[in-house]
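An overview of the molecular structure
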Amino acid sequence: MVQFDQFTGGLHPGAVEHEHVRAWKIVLSERMAEASVNQRLSGISSFYRYINQHFAYLRDDNPADGVKRAPVNPYGKATRLIEGQDQRLLQSIDTATVEGKRDYAIILLFLTTAIRLSAVASATPKDVRRQGDVVFFQYRNKGGEDRQVRLPGMVARALRDYLNARRVESERLFGMTRRQIQEMVKRRCNHVFGPGHGITPHSLRHTAAMNLHDDGATIAEIRELLGHKSSRVTLVYLDHMETVNTEKLTDRLAQRYG
């Protein structure tokens, strides 16, 4: 809002018009990605909704209403690893060390299950369950939904190797916060790709989704694996979706790294 206020010359909130917001959108579009422009417009809209609710004597309308926001493809615009960069990243990790075993397991988990950062950071050893020869990972999805994914054999082995090697017991599976996992991914990618790569744990999740897409998986399959409920996130909302075997999906991803 500070930048918008400067753009309008400190115009009183009650005097801001629809055309001011539209002009600001044009200015932003010349120097920002569409997702960033949408975020700024959303901030303006939220500010005026607050004004409407608490200071109705100033105005009872929202000048951001009607200013269209560009549709953003969450996969096409997101940073992803391409042309074998995912394999290079994994191969660069020295798994002879405990730290290397941990980092390899985390990154492999992102790349084969497309799991969210929050689920990895909050996971406990009890969330990794074995049923016969099959290993499952339980986690809570965004929105509070409990989900379970079967881990490909190489992922289960990577987790087992790390847990067998770690020296300190922890309530958390990896003993790392969200921020620490983010910093680890950044550090590992800095080593392989140099600074300025923009790769985050969320990028690894997108990489998994796009690898499936490139391999011929349907949007419905990708949506199921990612645990999305919104069509805006997975591009297409299918009214009728067949039951998806996520075991085949995770195996397909794991084949890239075996």
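Up top is the structure these notes are about.
Residues numbered from 1 in each chain as written. Predicted model: local features only at pLDDT ≥ 70, side-chain atom pairs only at ≥ 80, totals over all residues. Heavy atoms only, no water.

Turning our eyes to something else, we now look at a nonpolar patch on the surface. Together, Y50, F55 and Y57 line one region of the surface with nonpolar side chains, adding up to about 360 Å² of accessible area. Topologically, Y50 is positioned in helix α3 (residues 34-54). Judged by relative accessible area, Y50 falls into the partly exposed class, the value being 44%. (Patch = residues over 30% accessible without salt bridge, like charges linked within 9 Å, V, L, I, M, F, W, Y side chains within 5 Å. Areas by Shrake-Rupley, 256 points an atom, 1.4 Å probe, with all protein chains shown as cover. Salt bridge = Lys/Arg side-chain N within 4 Å of Asp/Glu carboxyl O. Helix = DSSP H or I, 4+ residues; strand = E, 2+ residues; numbered from the N terminus. Buried < 20%, exposed > 50% of the residue type's maximum accessible area, 1.4 Å probe, protein only.)

Negative phi values dominate among residues other than glycine, just as trans dominates among peptide bonds. A positive phi angle is found at A114, which is not glycine, with a value near 55°. The topology assignment puts A114 in the loop between α5 (98-113) and α6 (117-122).

All right, on to the pairing of strand β1 (residues 128-131) then. Bridging between β1 and strand β2 (residues 134-140) involves 4 bridges; their strand directions are antiparallel. The residue of β2 that forms the bridge with Q131 is V134. The turn joining β1 and β2, which pair antiparallel and follow one another in sequence, is formed by 2 residues; a positive phi near 70° is taken by G132. (Pairing = 2+ DSSP bridges.)

Judged by pairing direction, the sheet is antiparallel, and its 3 strands sit side by side in the order β1-β2-β3 without closing on themselves. Of all strands in the sheet, those bounded by a partner on one side alone are β1 and β3 (146-150). Ignoring strand direction, the axes of neighbouring strands in this sheet form an average angle of 30°. (Axes fitted to C-alpha atoms, helices over the stretch in contact; angles between N-to-C directions.)

With that out of the way, let us pick up helix α8 (residues 178-193). The terminal C-alpha atoms of α8 lie 22 Å apart, and with 16 residues this matches the ideal 22 Å at 1.5 Å per residue to within 8%. Within α8, the full set of buried residues consists of I181, M184, V185, R188, C189 and V192. With its buried residues spanning 125° around the axis, α8 presents them on a single face. Turned more than 90 degrees away from the buried face of α8, the exposed residues are R179 and H191. Summarising the contacts, the buried residues of α8 are in contact with α4 (85-91), α5, α6 and α9 (201-214). Looking at the residues trailing α8, positive phi occurs at G194, about 85°. (Expected span 1.5 Å × (residues − 1). Arc of directions from axis to C-beta. Contact = heavy atoms within 4.5 Å.)

Summarising burial for helix α10 (residues 219-226): 6 of the 8 residues are buried, a large majority. Looking only at α10, the buried set comprises I219, A220, I222, R223, L225 and L226. Of the residues trailing α10, G227 is marked for its positive phi of about 75°.

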